[in-house]
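Chain residues, written in single-letter form:
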Amino acid sequence: MAKKKVASRAAAQPAVKKKWSGHKTAAKSSARKTIKSKARGVAAAKPKPAKKARPKQRIAISHYREEDFKADGLRTYAKYRDLGIAEATHGLAQAHVIRLQGPCNPAEVSKLHYHDVEFQMVYVLKGWVKTYMEGQGETLMKEGSTWTQPPRIKHLIMDYSDDVELLEVILPAEFKTVELAS
């Protein structure tokens, strides 16, 4: 009898498996039909354009050289050391070290503005800078402090030390700055 029970269990198992696997198949096919029918309604909408593949990024190495600080950037009261990120990333991002030239002249420096960027981060390498950011108010940033500025946030520099140096990372490399009336 033991042999019959084993045989009957073995015979019963495929029937059970078929029953349950058939149930899963039915559930899958009805789910596919639901998805397909939803997709048909969306097909009338315009398809999203495919994103262009960015060119392959290159390695950027930048060693400190005093002569690399140039007064050719956004702010007339600053010198910039380009770190080669914009070229290496084909415009995806830019990074530079900024030296704000002291002493601070609030009439020149403290102008409310925003940048049309996707991302902006600043890290204080040396010295200090006092900023104003919309929704944040005045903040004193010292050596080792960092902050991000959300896209298009209104901000300004209020004051800074004569020796301040900042590391700034921005996406994309090319962007528009809009100066606002005070």
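Please read all numbers here as calculations on a predicted model, not as lab measurements. (Residues numbered from 1 in each chain as written. Predicted model: local features only at pLDDT ≥ 70, side-chain atom pairs only at ≥ 80, totals over all residues. Heavy atoms only, no water.)

For the rest of this paragraph, the subject is the environment of Phe119. Tracing the backbone through its elements, the reader meets Phe119 in strand β4 (residues 119-126). Residues Phe119 and Pro150 lie 31 residues apart in sequence; the distance between their C-alpha atoms is 6.4 Å. Sequence-distant contacts of Phe119, that is, excluding residues within four places in its chain, are made with Thr148, Val169, Ile170 and Leu171. (Helix = DSSP H or I, 4+ residues; strand = E, 2+ residues; numbered from the N terminus. Contact = heavy atoms within 4.5 Å.)

Overall, antiparallel pairing links the five strands, which are arranged β1-β2-β9-β4-β7 in an open sheet. The two strands at the open ends of the sheet, each matched to only one other strand, are β1 (78-82) and β7 (146-148). Averaged over all pairs of adjacent strands, the angle between their axes in this sheet comes to 20°, without regard to strand direction. Bridge count between β1 and strand β2 (residues 94-100): five bridges; the pairing is antiparallel. By the bridge assignment for β2, Lys79 is matched with Arg99. (Pairing = 2+ DSSP bridges. Axes fitted to C-alpha atoms, helices over the stretch in contact; angles between N-to-C directions.)

Tallied over the entire structure, the rule returns one cavity of 30 Å³ or more. One number sums up the size of the largest cavity: a volume of about 140 Å³. Looking at the lining of the largest cavity, the elements with two or more residues in it are β2, β4, β5 (128-133), β8 (155-160) and β9 (165-171). Across the lining of the largest cavity, the residue classes tally to nine nonpolar, five polar and two charged. (1 Å grid on protein atoms, 1.4 Å probe; cavity = no way out; pocket = protein on both sides within 12 Å on 5 of 7 lines; lining within 4 Å. Points joined across faces, edges and corners; volume = space filled by probe spheres on them. Nonpolar A, V, L, I, M, F, W, Y, C, P; charged D, E, K, R; others polar.)

What follows covers the pattern of salt bridges. What the rule picks out here adds up to 10 salt bridges. The shortest N-O distance in the salt bridge between Arg65 and Glu67 comes to 3.7 Å. By sharing partners, the salt bridges in this structure join Glu66, Arg99, Lys126 and Glu165 into a single network. (Salt bridge = Lys/Arg side-chain N within 4 Å of Asp/Glu carboxyl O.)

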